[in-house]
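Structural overview for review
Take a look at the letters that make up each chain.
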Amino acid sequence: MERPALEVADIFRAHGPMWRQHERGHLSLGQLKVMSAIEHCRSAALGGHSLRCSSCAEPQIAYNSCRNRHCPKCQSGAAQRWLEARQADLLPVPYYHVVFTLPAPLSAIAYTNKELLYGLLFDIAAETLRTIAADPKHLGARIGTTLVLHTWGSALTHHPHVHGIVPGGGLAPDTGRWVPCKPGFFLSVRVLSRLFRRRFLEELQNLHRDGQLKFFGDHVDLADAEAFADWLMPLRQCEWVVYAKRPFAGPEAVLAYLARYTHRVAISNSRLVAADDRGVTFRWKDYREHGRTRYKTMTLDTAEFMRRFLLHVLPSGFHRIRHYGLLANANRKSQIAAARELLHQPAPVVVVAADPTACGSVRPTFVCRHCGAPMLVIETFARGQPIRGPPASPSPP
């Protein structure tokens, strides 16, 4: 694969050191680690391999990846591995795409309370889907869903929402039959939106009452219970966006869709157009318009571009892909097996090569960019010494 003409790493390497100095004290340790990882990704700083093509003898140097989940260059492999692991979970039913979005006023609160509010967004969205689906007035079944967190809009603004992939049906309470959705219809979006709004605000008030929320800047006054209750009042009356899309074409389309959404970062390198004295120019999609005019370019000051990119750094150890209901990790195998039995679908056959080292059974890690033949590793070199600051000078006696 050809290297893009411009990468996020190029912008960070050129402008990151001066910007970090200017923003000293305003960047978290997690954000600094992400910047460092992206800057050093696939460079001599992380070590690598010296290769030679087994066919045309073309030499090549391959540097190691940082494997940071926020790096635009390190997501395709992780997405492919996750995709292969999920292939065995697909059922022969239509799949639906749902989106739960937090209102704009909550974005600033969510940014300063990422772990709490992102986790709450996951749990309330999943609870809403399962509660309405279990109601006999709507579906009357136990469903499963996979939720993926996105915190960005196309213009890199802070826009927390979760994408959900849901099979079109579920197990009856007695697990004796499969309950399908109506053709082309999953659950009422209006009903989902009302319950999602009510439950999220209830749990948000509980977090505030327990003193777990942190407020800064213009929102510092919201630490007061009465001020917080007044601030929530308009959110109780406005519409919360819950989106549901028609079913996918089939299981294969589900997999293709999941591969694009599960391991995506704030912006891919392919969207970058230029980085010059004016700033960083990139392509974005204006969802308020339709047709070809919705695809536009935007130029941001370089410092603003880096700031927006780092808005989306997740807390350490936070899981941005979660499974609920029939697809929950604890009982996924047994629940999917029961669903397949009711749908009269045989379990997928997993083909395992008899000899993993046999020729053609394993895709080579490195492939020649000229002829496509496997590359042979002839030398491995370790990563360079990490750059550390000089020791503090002893204070004069």
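It is worth spelling out helix H10 (residues 332-343) at this point. For H10, built from twelve residues, the straight-helix expectation of 16 Å at 1.5 Å per residue is met to within 8% by its first-to-last C-alpha distance of 16 Å. Among all positions in H10, only Arg-332, Gln-335, Ile-336, Ala-339 and Arg-340 are buried. The buried residues of H10 occupy an angular sector of 135° when the element is viewed end-on, so they sit on one face. Along H10, exposed side chains directed more than 90 degrees from the buried face belong to Lys-333 and Glu-341. Packing partners of the buried residues in H10 comprise helix H3 (76-86), strand S6 (169-171), strand S7 (178-180) and strand S12 (321-325). After H10 finishes, the residue His-344 shows a positive phi value of roughly 55°.

Moving on, we come to the packing of helix H1 (residues 8-22) against helix H9 (residues 302-310). Where H1 meets H9, the axes come as close as 10 Å, and the angle between the chain directions of the two elements is 105°. Here H1 is positioned roughly perpendicular relative to H9, judged by the angle of their axes. For the pair H1 and H9, contact is made by Val-8, Ile-11, Phe-12, His-15, Gly-16 and Trp-19 and by Thr-302, Ala-303, Phe-305, Met-306, Arg-307, Phe-309 and Leu-310, respectively. Considering only residue class, the contact of H1 with H9 consists of nine nonpolar, three polar and one charged.

Turning to the sheet that holds strand S2 (residues 59-63), a few remarks are in order. Strand pairs in the sheet, formed through backbone hydrogen bonds, run parallel or antiparallel to each other. Strands sit in the order S2-S1-S13 across an open sheet of three strands; the sheet is antiparallel. Both edges of this open sheet fall to S2 and strand S13 (375-381), since each of them pairs with a single strand only. Put simply, the sheet's adjacent strands are angled 30° from each other on average, direction ignored.

Moving on: the nonpolar core. Phe-186, Phe-196, Phe-200 and Leu-204 are the most contacted members of the largest nonpolar core, which has 49 residues in total. Elements supplying a minimum of two residues to this core: strand S3 (95-101), helix H4 (105-112), helix H5 (114-134), strand S4 (144-152), strand S5 (158-167), helix H6 (189-209) and helix H7 (225-237). The element best represented in this core is H5, accounting for eleven residues. When neighbours within four sequence positions are excluded, Phe-196 is seen to be in contact with Phe-100, Thr-101, Leu-102, Leu-121, Ile-124, Ala-125, Thr-128, Trp-240 and Val-242. Membership of the second largest hydrophobic core comes to 32 residues, among which are Met-35, Ala-37, Ala-266 and Leu-272.

One non-glycine residue with positive phi stands out, namely Arg-42, at about 55°. Counting through the fold element by element, Arg-42 comes out in the loop between helix H2 (29-40) and strand S1 (48-53). Given the relative accessible area of 41%, Arg-42 is considered partly exposed. Despite not being glycine, His-344 has its phi angle at roughly 55°, a positive value. His-344 sits in the exposed class, given a relative accessible area of 72%.

This brings us to the pairing of S5. Among the ten residues in S5, nine count as buried, and that is most of the element. Summarising the sheet, S4 and S5 pair through six bridges and their orientation is antiparallel. Looking at S5, one finds that Thr-146 is bridged to Ile-165. What sits between the antiparallel neighbours S4 and S5 is a turn of five residues, in which Leu-156 has the positive phi angle 70°.

Among the surface-exposed residues, Asp-221, Asp-224, Glu-226 and Asp-230 lie close enough to one another that they form a single negatively charged patch. In this fold, Asp-224 is placed in the loop between H6 and H7.

Turning our attention to the pattern of salt bridges. Taken as a whole, this structure holds 16 salt bridges when the rule is applied. Put simply, Asp-89 and Arg-86 hold a salt bridge, and the shortest N to O gap is 2.8 Å. What makes Arg-86 buried here is its relative accessible area of 17%. With a shortest N-O distance of 2.8 Å, Arg-199 and Glu-202 are connected by a salt bridge. A residue pair is termed a helical-turn pair when its members lie 3 or 4 positions apart in one helix, as Arg-199 and Glu-202 do in helix H6 at three residues. Looking at Arg-199, the relative accessible area reads 15%, which means it is buried. A single network of salt bridges, built from pairs that share partners, joins Glu-127, Arg-198, Arg-199, Glu-202 and Glu-203.

Along H9, the positions that sit buried rather than exposed are Thr-302, Phe-305, Met-306, Arg-308, Phe-309 and Leu-310. Elements that come into contact with the buried residues of H9 comprise H1, H2, H5, strand S9 (272-276), strand S10 (279-285) and strand S11 (295-300). The opening residue of H9 is Asp-301, an N-cap whose side-chain oxygen sits 3.1 Å from the backbone nitrogen of Ala-303.

The rules behind the values
- Residues numbered from 1 in each chain as written.
- Predicted model: local features only at pLDDT ≥ 70, side-chain atom pairs only at ≥ 80, totals over all residues.
- Heavy atoms only, no water.
- Helix = DSSP H or I, 4+ residues; strand = E, 2+ residues; numbered from the N terminus.
- Expected span 1.5 Å × (residues − 1).
- Buried < 20%, exposed > 50% of the residue type's maximum accessible area, 1.4 Å probe, protein only.
- Arc of directions from axis to C-beta.
- Contact = heavy atoms within 4.5 Å.
- Axes fitted to C-alpha atoms, helices over the stretch in contact; angles between N-to-C directions.
- Parallel < 35°, antiparallel > 145°, perpendicular 65-115°, else oblique.
- Nonpolar A, V, L, I, M, F, W, Y, C, P; charged D, E, K, R; others polar.
- Pairing = 2+ DSSP bridges.
- Core = buried A, V, L, I, M, F, W, Y, C linked by side-chain atoms within 4.5 Å.
- Patch = residues over 30% accessible without salt bridge, like charges linked within 9 Å, V, L, I, M, F, W, Y side chains within 5 Å.
- Areas by Shrake-Rupley, 256 points an atom, 1.4 Å probe, with all protein chains shown as cover.
- Salt bridge = Lys/Arg side-chain N within 4 Å of Asp/Glu carboxyl O.
- Lys, Arg positive; Asp, Glu negative; His and termini not counted.
- Charge placed at Lys NZ, Arg CZ, Asp CG, Glu CD.
- Polar contact = N/O pair within 3.5 Å; in protein donor to acceptor, adjacent residues only side chain to side chain.

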